[in-house]
Amino acid sequence: MCARVWFVTDRRISQEYPQVQILRALKEHCADEDVEFRYLLMDQIVLTIIEGQLGLRVEQELVTSYPQVVVVRVPTPWVQSDSDITVLRHLEKMGCRLINRPQAILNCVNKFWTFQELAGHGVPLPDTYSYGGHDNFRKMIDEAEPLGYPVVVKNARGHRGKAVFLARDKHHLTDLCHLIRHETPYLFQEYVKESHGRDVRVVLVGSRVIGSMLRCSTDGRMQSNCSLGGVGMMCPLSEQGKQLAIQVSNILGMDVCGIDLLQLNDGSFVVCEANANVGFIAFDQACGIDVAGIVADYALSMLPGRLTRKMSLLSVVSSTSETSSEPEVCTVPTNGGSLASEAVCNMSVGSTSSESDPELTEPSQSSPCQSTAPDLADLPDLPDPAYNFNTILANEIKLLTE
């Protein structure tokens with residue numbers, strides 16, 4: 001049987017960096033492995049049920065050879081069950097192995113749905129409230145009062161740090177009620193003060209951590225998203241952080257994902273969000289990792305009957321991190337401006353407008369900085385058990401913003 005891999009994405013995001021890079025990597029890997037490859041946009045696919053059998057048509061032609069593996073990239077915040085998920089369900093019912101599966105994508109479409117899936121599994125989560133209906137935001141101002149103030153308010157379908165607010169008090173929350181859009185519900189979440197303006201983005205492929213990046217806000221805002229002007233740098237992750245990210249990925253059923261963690265003063269983590277359609281231009285630059293290449297290698301490893309190299313790229317990344325000496329917290333280098341200035345150069349702070357989105361733009365070929373990750377051995381060890389992450393971080397942010 002001929003091995004076949006498809007890449008299916010949405011026309012609205014087809015020219016963005018992650019999709020362009022995954023397309024490149026899949027073409028290269030499939031050519032090297034003698035695997036038949038096809039690239040399709042979601043709106044090119046016509047679903048059929050003829051004489052009780054599922055089928056497909058593409059551009060008025062009947063598809064007779066189906067793929068064993070389909071890599072999927074859909075814009076998670078805009079996913080509609082009656083369109084995108086219908087196509088993915090159809091492919092899955094026909095026996096295709098999707099990366100990611102439809103249910104895994106749905107688990108991350110709505111931030112509260114994500115927490116519903118994670119609840120009851122011992123996953124550390126900030127206390128969170130939400131509601132049914134579209135007009136109950138005002139009612140929740142009183143209902144969510146046990147969370148205290150300040151309180152985090154998020155659109156359940158928001159993305160890239162947009163539609164996220166930190167309400168100082170009840171009056172501030174009442175004012176927000178007149179400004180927000182009510183098409184989708186909001187969630188009210190406990191404020192994790194010690195992680196204000198920073199989080200750790202962990203990228204996983206095939207339930208394995210391929211790298212982690214510390215993201216820091218540069219303008220005092222709560223969100224640290226690089227698309228909002230935040231900066232990021234590679235950081236080693238404690239074993240507890242790795243295992244938490246893997247646990248979340250497995251519960252949600254995701255093959256490729258980004259897990260955002262908030263770090264407490266004692267070095268432990270709580271889960272902030274999970275991303276089924278994770279962007280990785282900033283991650284590639286900060287960590288010196290070809291995420292698209294690892295995704296392509298993983299996709300080919302899922303072809304039936306193949307005793308493959310077991311994701312050679314991923315194994316190299318994993319073995320490097322496993323054999324290095326790791327601190328118990330995600331550390332930020334303190335010796336200098338060299339890494340900080342490199343991070344700023346690589347990440348390009350740019351505009352802090354919520355409409356500005358550096359993750360949609362390919363890195364400039366003429367950039368004076370090379371996107372190489374620092375050797376883990378060059379990162380400092382913890383000086384003593386009283387190591388204070390917040391003190392180090394404050395100094396680092398000062399360096400980054402001067």
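Residues numbered from 1 in each chain as written. Predicted model: local features only at pLDDT ≥ 70, side-chain atom pairs only at ≥ 80, totals over all residues. Heavy atoms only, no water.

**Section: the pairing of strand β13 (residues 208-216)**
And step 1. Of all nine residues in β13, eight are buried; the element is thus mostly enclosed.
And step 2. Taken together, the eight bridges between strand β12 (residues 198-205) and β13 define a ladder with antiparallel strand orientation. Paired with Val-200 across the strands is Leu-214, a residue of β13.
And step 3. Between the antiparallel neighbours β12 and β13 lie two residues, among them Gly-206 with a positive phi of about 60°. (Buried < 20%, exposed > 50% of the residue type's maximum accessible area, 1.4 Å probe, protein only. Helix = DSSP H or I, 4+ residues; strand = E, 2+ residues; numbered from the N terminus. Pairing = 2+ DSSP bridges.)

**Considerations on helix α6 (residues 170-177)**
And step 1. Those residues of α6 lying buried are His-172, Leu-173, Leu-176 and Cys-177. Burial along α6 is one-sided: seen end-on, the buried residues are contained in an arc of 150°.
And step 2. Turning to α6, the residues buried within the fold contact α5 (137-143), β9 (151-155), β10 (164-167) and β11 (186-190).
And step 3. Two or three places before His-171, at the start of α6, stands the capping residue Asp-169, its side-chain oxygen 3.2 Å from that residue's backbone nitrogen. (Arc of directions from axis to C-beta. Contact = heavy atoms within 4.5 Å. Polar contact = N/O pair within 3.5 Å; in protein donor to acceptor, adjacent residues only side chain to side chain.)

**A word on the sheet that holds β10**
And step 1. Across the sheet, four strands lie side by side as β8-β11-β9-β10; this open sheet has antiparallel pairing. The open sheet has two edge strands, β8 (128-129) and β10, and neither has a second partner.
And step 2. As paired strands, β8 and β11 are joined by two bridges and run antiparallel to one another. Paired with Tyr-129 across the strands is Phe-188, a residue of β11.
And step 3. Contacts between α6 and the sheet are confined to β9, β10 and β11, with β10 contributing the most and set at about 145° to the helix. (Axes fitted to C-alpha atoms, helices over the stretch in contact; angles between N-to-C directions.)

**Description of the packing of helix α2 (residues 84-93) against helix α3 (residues 102-109)**
And step 1. Remark: α2 packs on α3, axes separated minimally by 9 Å, with the N-to-C direction vectors making an angle of 155°. Regarding the angle of α2 to α3, the classification is roughly antiparallel. Residues Ile-85, Leu-88, Arg-89 and Glu-92 of α2 lie in contact with α3, whose contacting residues are Pro-102, Ile-105 and Leu-106.
And step 2. Across the contact of α2 with α3, the residue classes tally to five nonpolar, no polar and two charged. (Parallel < 35°, antiparallel > 145°, perpendicular 65-115°, else oblique. Nonpolar A, V, L, I, M, F, W, Y, C, P; charged D, E, K, R; others polar.)

**Points about the nonpolar core**
And step 1. Core analysis: the biggest nonpolar cluster contains 36 residues, and Val-5, Leu-26, Ile-210 and Phe-283 have the highest contact counts within it.
And step 2. Of all the elements in the fold, those that place two or more residues in this core are β1 (4-9), α1 (17-32), β6 (69-73), β12, β13, α8 (281-287) and α9 (291-301).
And step 3. Of all hydrophobic cores here, the second largest spans 25 residues; its members include Ala-104, Cys-216, Cys-235 and Leu-252. (Core = buried A, V, L, I, M, F, W, Y, C linked by side-chain atoms within 4.5 Å.)

**Let's talk about empty space enclosed by the protein**
And step 1. Counted under the stated rule, the structure contains six cavities of 30 Å³ or more.
And step 2. Reported here for the second largest cavity is a volume of approximately 80 Å³.
And step 3. Along the walls of the second largest cavity sit Ile-22, Val-71, Val-72, Arg-73, Ile-99, Asn-100, Val-256, Ala-276, Phe-280 and Val-295, which together make up its complete lining.
And step 4. Here the element with the most residues in the lining of the second largest cavity is β6; it accounts for three residues.
And step 5. Split by residue class, the lining of the second largest cavity holds eight nonpolar, one polar and one charged. (1 Å grid on protein atoms, 1.4 Å probe; cavity = no way out; pocket = protein on both sides within 12 Å on 5 of 7 lines; lining within 4 Å. Points joined across faces, edges and corners; volume = space filled by probe spheres on them.)

**So, the pattern of salt bridges**
And step 1. Tallied over the full model, the rule gives 13 salt bridges.
And step 2. Across the salt bridge formed by Glu-28 and Arg-24, the nearest N and O atoms sit 3.4 Å from each other. Note that Glu-28 and Arg-24 are positioned in helix α1 at a spacing of four residues, about one turn of the helix.
And step 3. Since its relative accessible area comes to 40%, Glu-28 is described here as partly exposed.
And step 4. Classification of Arg-24 by relative accessible area gives partly exposed; the value is 28%.
And step 5. In this structure, a network of salt bridges that share partners links the residues Asp-199, Arg-201, Arg-215 and Asp-260. (Salt bridge = Lys/Arg side-chain N within 4 Å of Asp/Glu carboxyl O.)

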